Amino acid sequence: MTDETAPISGERVQGEMTAAEKRENVIRLAFGGDPRRFEAFCDVVRQRIPPGTAVVLRGSAVTGERWKDGAPFDADGPGTSDLDLTLVGDEVLQHFKLTGFYVPGVHTMPLGDEHPDIAPGLLPLRKQLMDMVGRPVNIQGTRDFVMYLRGDLLGQPYLTLIGTVGE
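Residues numbered from 1 in each chain as written. Predicted model: local features only at pLDDT ≥ 70, side-chain atom pairs only at ≥ 80, totals over all residues. Heavy atoms only, no water.

Right, let's get into the overall build of the protein chain. Summing up its helical and strand segments, the protein chain has five helices and eight strands in all. Going from N to C terminus, the protein chain has its helices and strands arranged as β-β-α-α-β-α-β-β-β-α-β-α-β. For the protein chain, buried positions account for 46% of its 167 residues. Considering only residue pairs separated by 6 or more positions, the protein chain has 67% of its internal contacts joining residues 24 or more positions apart. (Helix = DSSP H or I, 4+ residues; strand = E, 2+ residues; numbered from the N terminus. Buried < 20%, exposed > 50% of the residue type's maximum accessible area, 1.4 Å probe, protein only. Contact = heavy atoms within 4.5 Å.)

With that settled, the discussion passes to the nonpolar core. In globular proteins that are soluble, nonpolar side chains generally tend to be buried together. In this structure, F41, L83, L85 and L161 are the most contacted members of the largest nonpolar core, which totals 36 residues. Elements with a minimum of two residues in this core: α1 (19-30), α2 (35-48), β3 (54-58), α3 (60-63), β4 (83-88), α4 (123-133), β7 (137-142) and β8 (158-162). Among residues more than four places away in sequence, those in contact with L85 are F41, V45, V55, V56, L57, L129, V137, N138, I139, Q140 and L161. Membership of the second largest hydrophobic core comes to six residues, among which are A54, V56, V88 and V165. (Core = buried A, V, L, I, M, F, W, Y, C linked by side-chain atoms within 4.5 Å.)

Here we take up the packing of α1 against α2. Where α1 contacts α2, the two axes come as close as 9 Å, and the packing angle between them is 100°. As far as their axial angle goes, α2 and α1 are roughly perpendicular. Together, R23, V26, I27 and A30 of α1 and P35, R37, F38 and E39 of α2 make up the contact between the two elements. (Axes fitted to C-alpha atoms, helices over the stretch in contact; angles between N-to-C directions. Parallel < 35°, antiparallel > 145°, perpendicular 65-115°, else oblique.)

On to the environment of L57. Mapped onto the secondary structure, L57 falls in strand β3. Residue L57 is classed as buried on the basis of its relative accessible area of 0%. Through-space distance from the C-alpha of L57 to that of L159 is 5.2 Å; in sequence the pair is 102 residues apart. With near-sequence residues (within four places) excluded, L57 lies in contact with V26, V62, L83, D84, L85, Y158, L159 and L161.

So, on to the packing of aromatic side chains. Where two aromatic rings form a pair, the distance of their centres and the angle of their planes describe that pair. Taken as a whole and judged by the stated rule, the model has three aromatic pairs. On the basis of an interplanar angle of 70° and a centroid distance of 6.4 Å, the ring pair of F96 and F101 is categorised as edge-to-face. No difference in accessibility class separates F96 from F101, as the two residues are buried. Feature note: the residues F31, F38 and F41 constitute an aromatic cluster, connected by ring pairs. Over the aromatic face of Y158 sits the side chain of K22, whose NZ or CZ is 5.7 Å from the ring centroid. (Phe/Tyr/Trp six-rings, centres within 6.5 Å; stacked < 30°, edge-to-face > 60°. Lys NZ or Arg CZ within 6 Å of the ring centre and 35° of its normal.)

This brings us to α4. Among the residues of α4, L125, R126, L129 and V133 are the ones counted as buried. All buried residues of α4 lie within an arc of 100° about the axis, which places them on one face of the element. Two residues or fewer past α4, G134 is found with a positive phi of approximately 65°. (Arc of directions from axis to C-beta.)

What follows concerns the packing of α2 against α4. Interhelical geometry of α2 versus α4 gives an angle of 175° and a closest axis separation of 11 Å. Overall, the two elements α2 and α4 adopt an arrangement that is roughly antiparallel. Across the interface between the two elements, R37, A40, F41, V44, V45 and R48 of α2 pack against P124, L125, Q128, L129, M132 and V133 of α4. Its residues placed into classes, the contact of α2 with α4 shows nine nonpolar, one polar and two charged. (Nonpolar A, V, L, I, M, F, W, Y, C, P; charged D, E, K, R; others polar.)

Pasting the structure below:
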């Protein structure tokens with residue numbers, strides 16, 4: 001980390017990125033540089049989730065590149081990279097069918113094109129979000145400690161959109 005990219009004193013670094021860096025990436029890459037579109041997206045999610053649910057965004061929209069092969073966000077053309085939305089909390093897990101879990105009661109598969117029937121109650125939210133951003137949106141459910149493991153112990157960056165995670 002150079003002096004130009006050093007975090008502001010007290011700013012939390014997670015996955016080798018500050019929250020400001022992650023937010024700037026998300027707005028630039030997924031929302032065409034328009035913070036109002038980003039805020040509208042967050043507002044829709046906030047209105048549709050159970051109370052006490054935190055929300056994070058993971059993946060290439062946050063980091064700027066695909067984990068599998070390092071390809072840049074939207075490498076296959078505009079709107080081709082998805083948004084990986086994770087809902088964190090106990091109540092949200094009740095929206096997923098038992099067959100939609102990697103670890104029952106703890107961590108779900110992503111609701112998306114590969115698993116479209118695992119959380120029927122979340123389908124209207126997914127459709128509304130996809131219409132807003134013009135790209136696929138996958139919605140996963142998990143518990144706080146899984147986000148702590150992924151983010152803090154494994155160093156996988158995520159941007160917290162709503163609530164607090166792992167603090």
